[in-house]
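# Observations on chain architecture
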Amino acid sequence: MMSRLRLMWRKSLNNVMLTLTGVAAFAVVSVLFLILGYLVWNGGKSLNWDFFTKLPKPVGETGGGMANAIVGSLKLLSLAAAMGLPVGLLAGVYLAEFGGKMFSFVIRYTADLLNGVPSIVIGIFAYSLAVLPVRHFSTLAGGVALGMMVIPITVRSTEEFLRAVPGSMREGAMALGASKWRTIITVVLPAASGGIVTGMLLSLARVAGETAPLLFTAFSNRFWSPGWNQPIASLPVMIYTYAIAPYDDWHRQAWAAGLVLLALVLIANLGCRLVLNRRGAIRSV
Amino acid sequence: MKKTLLIVSIVLALGATATAQSNGTLLLNAAGATFPYPIYSKWFDVYHNLHPNMQINYQSIGSGGGIRQLLAGTVDFGASDGPMTDEQLSQAKFKILHFPTVLGAVVPTYEIPGVTGELNFTQKALAGIYMGQIKKWNDPEIAKPNPGVPLPGDDIVVVHRSDGSGTSYIWTDFLSKASDGWKSKVGMGTSVNWPVGLGGKGNEGVSGLVKQTPGSIGYIELIYAVQNKIPYGKVQNAAGKFVKADLAGVTAAAAAAAKEIPDDFRVSITNASGPTSYPISSFTWLLIPAMISDVAKRDAIKDFLKWMLTEGQNYNEGLSYSRLPKPVQAKEMKAIALIQ
Amino acid sequence: MSTATTIEQAVPPAPRSRTFIHRLRDGDEVAHVLTLVFAALILLITSMLVYELWVNSHLSRAKFGWMFFWTRVWDPIFGNFGAAPFIYGTLVTAIVALLIAVPLGLAGSIFLAELAPRKLSDSIAFLIDLLAAVPSVIYGLLGIFIVVPIMRTKLGPALKSALGFLPFFQGPNYGVGFLTAGIVLAIMVVPFIISVSREVLLTVPREQREAALALGSTRWESTWKVVVPWARSGIMGSIFLALARALGETMAVTMVIGNDPKISASLFAPGYTIAAVIANEFTEATGDLYLSALIELGLVLFLMTFILNGLARLLIVATEHGGGHP
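What counts, and at which threshold
- Residues numbered from 1 in each chain as written.
- Chains lettered and ligands numbered in written order.
- Predicted model: local features only at pLDDT ≥ 70, side-chain atom pairs only at ≥ 80, totals over all residues.
- Heavy atoms only, no water.
- Helix = DSSP H or I, 4+ residues; strand = E, 2+ residues; numbered from the N terminus.
- Expected span 1.5 Å × (residues − 1).
- Buried < 20%, exposed > 50% of the residue type's maximum accessible area, 1.4 Å probe, protein only.
- Contact = heavy atoms within 4.5 Å.
- Buried area = accessible area lost by both parts, 1.4 Å probe.
- Salt bridge = Lys/Arg side-chain N within 4 Å of Asp/Glu carboxyl O.
- Polar contact = N/O pair within 3.5 Å; in protein donor to acceptor, adjacent residues only side chain to side chain.
- Pairing = 2+ DSSP bridges.
- Axes fitted to C-alpha atoms, helices over the stretch in contact; angles between N-to-C directions.
- Patch = residues over 30% accessible without salt bridge, like charges linked within 9 Å, V, L, I, M, F, W, Y side chains within 5 Å.
- Areas by Shrake-Rupley, 256 points an atom, 1.4 Å probe, with all protein chains shown as cover.
- Core = buried A, V, L, I, M, F, W, Y, C linked by side-chain atoms within 4.5 Å.
- Parallel < 35°, antiparallel > 145°, perpendicular 65-115°, else oblique.
- Nonpolar A, V, L, I, M, F, W, Y, C, P; charged D, E, K, R; others polar.

### With respect to helix H10 (residues 232–248) of chain C
A rise of 1.5 Å per residue sets the reference length of H10 of chain C, with its 17 residues, at 24 Å; its end C-alpha atoms lie 24 Å apart and thus fit the reference within 8%. Burial within H10 of chain C is extensive, with 15 of its 17 residues counted as buried.

This is the structure we're talking about:
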């Protein structure tokens, strides 16, 4: 009798909890759709061909767009990726494959600390590193600031997913005579690539929308910014400048810029996933 | 891995070569006040069309930011809603000149259930509200100049700027002149220790909060109120008249102060004399180094200033900024010669 | 003649001197050193950051000393600065955000990893990843336009009538305040928790689930008692990410928290966080003491993150009872 009661209890708990997880997922997804929908609605209204091809115009003049900001964001993000992703990846490999206990703990802890630094403080730091010594703002300085912010998430996810690769795979490779580094490159990393790339994309997505670190490093630019040594416009800074201005036209452009930013991240995500799926990332299920 | 490296190197190469700068383009970087950003961006754009080889890149990172970048030498000139203090000027390695460019005003905006018209505010009322001493809308200090208006007994919700701003500077400058208590307890600046109230970020934040919060009062820039059709109240000036802020009233305030304007143009024109002067008005300044070693840049800046003082002023009113009064314009023209 | 086969090494081990240069010839050593250098780089960057913060805040530290931590005043005009209200606000908003985001995020990730059909799960996860890219400013605007009015007109009064006996839900409700900021932060950090937790849950070997089910557990029991503990460290990692973001978030918070440096028990009251005040006042701050105080606040936040991370890790160690992959 008792065992039947207990079974009923376990069964109903099962149903309740599983439903709750569904509810939670539903709640999050609907908020997400609300946000995306709001952005698409407000931003889509102001998107036109000019937005992608023209430079910003002063207020009161229609037309004008954010072509330089779009290119600027792309340049800054590629710099951030080039500087931050390798550091994160290799550090994650160290923590998962080579690290000693104490040192790894310190590195992990430090990465978490770095993650918690407000973006404006990172901007101030990058300013003292990359702007003050040369006395001018530059794309490079912006890349440095964003690059620093990319590191923590990349490190964490790289380490996490490398660890998740079953020992049997490593042992199999070693039994075939592969050295440790060979194993890592040819077996472990590919196996963990799904999670690692998720982490990388997540970190890039996060810095794509950051404004504060760019204010003192990349500054911004009304015009095109050739090379890597001049101030450069970027979508988040334009959004920030336009959103707090008094003009309706600029507000609409701010929403449009937000939408474009999201679309850029979406395309990058899609691109990476396609490349990945072709390589066949390994998952347990 | 190889693919990524390839992509990265392509992007780097593209970035370096794309949109190559044409020879002879002169780029000037400037930073500072947010308040005049719209008119500055208009000016620099028009000027660029007149002189296509000149690019002036102005970014509104805030008056304080502008001053700091100027002192650090990372920009060619700065802009500020409040004049630099003696202390700041002494920190500079070089002499800095102030040039007023446009005039602006700060207006009180409110959202009171049941009240639709324009309220008259005495100086004591505004100071008392922002000090937290006047707590309810039907306080006699507010009711006295507004006979017949059905002011409710609701609590006043005070809204101020959370971010450091020239607008706050002008507002607190005015309150310091309106009330000795304010001056001694709070003082004036871009950021102060507000006795009461919620902080909204930017004009947008303040007006948003006010609109949504019944019984609230806040202060915003005139152009913001005009562009977004936000109703605002009248303020009593030094002559005792209740003035609603408009472009003419602001220029009148500047004209009244123009007689005593010092040679370095660092002056506060809040609470100016004169029956039509709007009491919460202010100049905003460009901060130009007195010695510029790069000849091309120096000539460009001087030329721009001359243009700004003559042609440029014609664009002010279109964007709801007030023109500089003629005597001030003339005085500035002479001061341009000081740039070497 | 012996029939035993011997395995001969392809390359007989030559006597190798173990000097550093010679060790480098060994591929594994190279890999070890290379990755070590990059790991150490993180330490270097963070140390330089702390050093900069320390050096640039010396004016403020010299003037206020330890008093800085519990002074409640923030007065740029008269040069009196204290961190107490900001420490309080940062802690409160982060705690509220995590209280909302962790259950939601974890539950959602369980659903996506265990229950949802794979295609649906992948597409939703993809969209959730996008949320991480939404600029902070836009979250702030959405907060102002949507969350604040709801808080003022519907959610606030509802909470007041239901839970008004608690000091957390008393006092006037303007729509902006600690609770609103916590909610907006929760929305911002939930994508990190769901995204990473989902990925980690997906790496749990199938055998673990099947073993539990074979022993007669319900779906929920196998998930909660076997799969989740296996993925513990990854999930905790995602929570750390979320916590870090919540502590350091600037734009969105400053638009919905009311920006009033005061300490109050009520969650409806306006407050202020360290990151928000730095973002608000740094660009305009002139005056060395003022700047120094702002930078000292940055240092204080760093210290808080240090302590909170430490406490959280202690919590993990203390509750470890065999869960997690080797």
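### Let's talk about the interface of chain C and chain B
Note on interface size: it is often stated as the accessible area lost on association of the parts. Contacts between the two partners involve 32 residues from chain C, matched on the other side by 38 residues from chain B. Of the roughly 2,500 Å² buried between chain C and chain B, counting both surfaces, carbon and sulfur atoms make up 50%. On the chain C side of the contact with chain B, Ile 77, Tyr 174 and Glu 284 of chain C bury the most area, a combined 24% of that side's loss. Taken together, the connections running from chain C to chain B amount to 0 salt bridges. In this assembly, chain C and chain B are joined by 11 residue pairs in polar contact (both at pLDDT 80 or more).

### Things to note about the side chain of Thr 305 of chain C
Turning to its location among the elements, Thr 305 of chain C is positioned in helix H13 (residues 288–319). Residues within four places of Thr 305 of chain C in sequence aside, it is in contact with Asp 112, Leu 113 and Gly 116 of chain A together with Leu 247 of chain C.

### As for the interface of chain C and chain A
Counting residues at the interface gives 89 residues for chain C and 86 residues for chain A. Here chain C packs against chain A, burying approximately 8,200 Å² in sum over the two surfaces, 78% of which is carbon and sulfur. In terms of surface lost to chain A, no three residues of chain C exceed Ile 42, Phe 126 and Trp 220 of chain C, which account for 8% of the buried area on that side. Counting across the interface, chain C meets chain A through 1 salt bridge. Arg 10 of chain A is the salt-bridge partner of Glu 221 of chain C, the closest N and O atoms lying 2.6 Å from each other. At the junction of chain C and chain A, the tally comes to 11 residue pairs in polar contact (both at pLDDT 80 or more). If you tally residues by element for the side of chain C that touches chain A, the top one is helix H2 (residues 27–56) of chain C, at 19 residues.

### A word on the sheet that holds strand E1 (residues 26–32) of chain B
All names here are of chain B. Taken in spatial order, the 8 strands of this open sheet run E2-E1-E3-E11-E4-E8-E6-E7, and their pairing is mixed. In this open sheet, the two strands that pair with only one neighbour each are strand E2 (54–59) and strand E7 (198–200). Across this sheet, the average inter-strand angle for adjacent strands is 25 degrees, counted without regard to direction. When E1 meets E2, the two strands line up parallel, connected through 6 bridges. The residue bridging Ala 30 from the neighbouring strand is Tyr 58, located in E2. The strands touched by helix H5 (residues 123–131) within the sheet are strand E4 (96–111), strand E6 (157–161) and strand E8 (216–221), with E8 carrying the most contacts at an inclination of about 110 degrees.

### Topic: a nonpolar patch on the surface
Taken together, the side chains of Leu 303, Phe 306, Ile 307, Leu 311 and Leu 314 of chain C make up a nonpolar region of the molecular surface, amounting to roughly 490 Å² of accessible area. Locating Ile 307 of chain C in the fold gives a position in helix H13.

### Comments concerning the side chain of Gln 88 of chain B
Mapped onto the secondary structure, Gln 88 of chain B falls in helix H4 (residues 86–91). Taking relative accessible area as the criterion, Gln 88 of chain B reaches 9% and is therefore assigned buried. Within polar-contact distance, the side chain of Gln 88 of chain B engages the backbone nitrogen of Thr 85 of chain B at 2.9 Å. Not counting the four nearest positions on each side in its chain, Gln 88 of chain B is found in contact with Ile 67 and Leu 71 of chain B together with Thr 286 of chain C.

### As for the nonpolar core
Core analysis: the biggest nonpolar cluster contains 293 residues, and Phe 283 of chain B together with Trp 74 of chain C have the highest contact counts within it. Considering every element that reaches this core, the biggest residue donor is helix H7 (residues 178–203) of chain C, with 17 residues. Once residues within four sequence positions are removed from consideration, Phe 283 of chain B is found in contact with Asp 81, Pro 100, Val 102, Leu 103, Ala 254, Ile 261, Val 267, Ile 269, Leu 324 and Val 328 of chain B.

### Quick look at the packing of helix H6 (residues 139–164) of chain A against H10 of chain C
Where H6 of chain A meets H10 of chain C, the axes come as close as 10 Å, and the angle between the chain directions of the two elements is 175 degrees. As far as their axial angle goes, H10 of chain C and H6 of chain A are roughly antiparallel. Across from Ile 153, Arg 156 and Glu 160 of chain A in H6 of chain A, the residues of H10 of chain C making contact are Ser 233, Gly 234, Gly 237, Phe 240 and Leu 241 of chain C. A per-class count over the contact of H6 of chain A with H10 of chain C returns 3 nonpolar, 3 polar and 2 charged.

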